[in-house]
Amino acid sequence: MNKFNLEEHSHRRYNPMTGEWVQVSPHRAKRPWQGQVEKIIESVRPQYDPDCYLCPGNTRASGKQNPDYKNTFSFTNDFSALQPDIPMGNADKDDLFISERERGLCKVVCFSPDHNLTIPEMSISSIREVIDLWVLEYRELGKLDFINYVQIFENKGSIMGCSNPHPHGQIWAQESVPGEPQKKTERFQEYYEKHNRSLLLDYVEKELERKERILFENQDFVALVPFWAIWPFETMLVSKRHITSVLGLSGDERLSFADAYKKLTVMYDNLFETSFAYSAGIHQAPTDGSLHEAWHLHMCFYPPLLRSATIKKFMVGYEMFANPQRDITPEQAAKMLKSLPKDHYKQQQTKF
Ligand code: H2U
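Per chain, the residues get numbers from 1 upward, laid out in the order the sequence is written. Local features are withheld for residues below a pLDDT of 70 in this predicted model, meaning they are given only at 70 or higher, and side-chain atom pairs are given and counted only at 80 or more; totals for whole chains, interfaces and linings count all residues. Only hydrogens and water are set aside when side-chain values are computed; all heavy atoms of the structure are taken into account.

1. Thoughts on the packing of aromatic side chains
Any pair of Phe, Tyr and Trp rings, taking the six-membered ring for Trp, is counted once the centres come within 6.5 Å. Such a pair is stacked with planes under 30 degrees apart, edge-to-face with planes over 60 apart, and tilted for the rest. The tally for this structure, following the rule as stated, stands at 17 aromatic pairs. Ring geometry for Y203 and W228: centres 4.5 Å apart, planes at 40 degrees, overall tilted. Taken as a pair, Y203 in helix α3 (residues 199–210) and W228 in the loop between β8 (221–224) and β9 (235–239) lie far apart in primary sequence, 25 residues in all. The positively charged end of R12 is found above the aromatic ring belonging to W21, 3.8 Å away from the centroid. In this scheme, Lys NZ or Arg CZ marks a charge over a ring once it lies within 6 Å of the ring centre and within 35 degrees of the ring normal. Above the face of the F75 ring, R60 is positioned so that its terminal group lies 3.7 Å from the ring centre. Strands are runs of DSSP state E lasting at least 2 residues, helices are runs of H or I lasting at least 4, and numbering of each runs from the N terminus.

Listed below in C-alpha cells is the structure:
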C-alpha cells in the first residue's frame, strides 16, 4: 500500500473552530456517475414586481407599506421567530424538561430596490451599502440589553428555503448565544489563551503559504475553501486583520469585503452556470458586553449543490447519525472554483 495521502485515502479532518470532524472519502469521487446533469432555465425577472412583498412602495403581507427605498432597506420581520416581550421562564424544576424563555428580534434586510438582482450581479458600491446596513444593525441591535448575539445571514435560492427572489437577507438577534457561535467562542478563546493570537489569523497565514485552498485575496480579505469544509463547495471569507466584528471594519475594509463577496458569488454562479444557492452567514463576536478579543470576523458560505444546477449533496444517513461526510476534497473544490472565468456567465453570454 502506498503512503497515506489526503488526495486518495479515506480520512477525517478536524475543524479547530468548532471542535468537530468531517469524514473525507476522496476515492468515492472517482466512482462513475450515470445520473442526469440538467441545466435549469432561469426565468427572467422584472426590475420591479408589483406582487413582491419586498419591492419599494409595495404593501407587505402584514399590511405595512415599504418606503420607496433607493439603496437598502431593513424592517422588523412581520413573522419574527424571536420576539422581545416574553414572560419570565418556565418553573419546571425537572432536569429532563429544561426550557427557558428566549427573547429576540428578527429583521429582513433588502439588499437592493431592484427585484431582478442578486449579490453577484450588484455593483461593489451597492454591496458596500448592504455591509453598511449590517454594521448599523449589528451595532443598534447589539446595544439592546436583552440582545447578546446578532446573526446576520442570507438564504439564497428556493432550495435553501428562500421565500422570495428579491435580493435580501435576514438578521436574528437574541438573548442567548446559539450553538455554532458558542462553539467558536470557546475554541477561539482556548487558542487565544494558548498562543496569544487569533486562530483565524494564524490559519489564514498558513493557508496563504500553502496556497492549495486559496481562491483569491484582495487587500483586506481572503476567500478560501476551509481545510475542514463540509459542503462540496463550502467557502469562507476572512478578514486579513484581526477584527472581532463588523464594527472594526474601516471604510476601505468594507469595500474590500463587498469586492470579495461579489467575486466569490460570481465564481459560484459560474460553476454550474446558474444562480447558485447557498446559506451564508457572518460569524462574529457576541454582543454580551464582553470584549471577545479572541473572536475573528468571518463569513461562511454553505452551498448544497454538488454536480450541476440541480444535483445537490444530501446531508442524510451517515451525516445525520454520525458526522458530516464529503467525497471531493476541499483542494479539488478550490481548484475547480479557481479555474472558472472571472466574468459572470451572463456577461460572458452577451459577449457572443
Ligand atoms: P427568507 O426568504 O430567507 O425566508 O426571508 C424572507 C423573510 O421575510 C421571511 O422570514 C419575511 C418572512 O417572514 N417577510 C415579511 O416579514 N413580510 C412579508 O410581507 C413577506 C416576508
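Read on, since the account is not over.
2. Examining the pairing of β9
Relative accessibility under 20% of the residue-type maximum defines a buried residue, over 50% an exposed one, and the middle range a partly exposed one, all with a 1.4 Å probe and only protein chains included. Counted residue by residue, β9 has five buried out of five residues, so it is predominantly covered. Relative to β9, β8 is paired through four bridges, and the arrangement is antiparallel. Looking across to β9, one finds that A223 is bridged to L237. What makes two strands pair is DSSP finding at least two bridges between them.

3. Observations concerning the sheet that holds strand β2 (residues 20–24)
Spatially, β1-β2-β12 is the arrangement adopted by the three strands of the open sheet, whose pairing is mixed. Each having just a single partner strand, β1 (11–15) and β12 (325–326) make up the two edges of the open sheet. Here β1 pairs with β2 via five bridges, running antiparallel. Within the sheet, the bridge partner assigned to Y14 lies in β2 and is W21.

4. Here we look at the site of the ligand
By convention in these notes, a residue is near a molecule or strand provided one of its non-hydrogen atoms lies within 4 Å of it. Taken together, 15 residues lie near the ligand, and A61, N77, D78, S163 and H168 sit nearest. With respect to the ligand, the side chain of N77 contributes an N or O atom lying 2.7 Å from an oxygen atom. In the complex, 87% of the free accessible area of the ligand, which totals 470 Å², lies under the protein chains. In this count, Pro and Cys sit with the nonpolar residues alongside Ala, Val, Leu, Ile, Met, Phe, Trp and Tyr, while Asp, Glu, Lys and Arg are called charged and the others, Gly among them, polar. Among the residues forming the shell around the ligand, the class breakdown is six nonpolar, seven polar and two charged. Polar contacts here mean pairs of N or O atoms no more than 3.5 Å apart (in protein, one a potential hydrogen donor and the other a potential acceptor; neighbouring residues in sequence count only if both atoms are side-chain atoms). Working definition of accessibility: Shrake-Rupley area with a 1.4 Å probe, residue cover restricted to the visible protein chains.

5. A short note on the layout of surface pockets
Of the two site types, the cavity is a set of points on a 1 Å grid over the protein atoms alone where a 1.4 Å probe fits but cannot get out, and the pocket is an open set with protein on both sides within 12 Å along at least five of seven lines, each lined by residues with an atom within 4 Å of a point. Grid points are joined across faces, edges and corners, and a volume is the space filled by probe spheres set on the points. For the largest pocket, the calculated volume is near 880 Å³. Every element with two or more residues in the lining of the largest pocket is listed here: β5 (149–156) and α7 (345–350). If you trace the second largest pocket, you find 29 residues lining it, with E180, K184, H283, C300 and Y302 closest to the centre. Those elements giving two or more residues to the lining of the second largest pocket turn out to be β2, β5, α2 (179–195), β10 (278–283) and β11 (298–302). When residues of the lining of the second largest pocket are assigned to their parent elements, the largest contribution, five residues, is made by β10. Residue composition of the lining of the second largest pocket, grouped by class: 17 nonpolar, seven polar and five charged.

6. Digging into the environment of K183
Assignment of secondary structure puts K183 in helix α2. The contact criterion used is simple: two residues touch if any of their non-hydrogen atoms lie within 4.5 Å. Those residues in contact with K183, other than ones at most four positions away along the chain, are M17, T18 and E20. Separated by 2.6 Å, the side chains of K183 and E180 make a polar contact.

7. Remarks on unusual backbone geometry
In the Ramachandran plot, E273 falls in the positive-phi region, its phi being about 45 degrees despite a non-glycine side chain. If you trace the backbone, E273 turns up in the loop between α4 (251–271) and β10. Looking at E273, the relative accessible area reads 32%, which means it is partly exposed. Of note, H292 is a non-glycine position whose phi angle comes to about 50 degrees, a positive value. Relative to the elements of secondary structure, H292 occurs in the loop between β10 and β11.

8. A closer look at the side chain of T274
Relative to the helices and strands, T274 resides in the loop between α4 and β10. Contacts of T274, omitting those with residues within four sequence positions, involve I40, E42, Y268, D269, L305, A309 and Y345.

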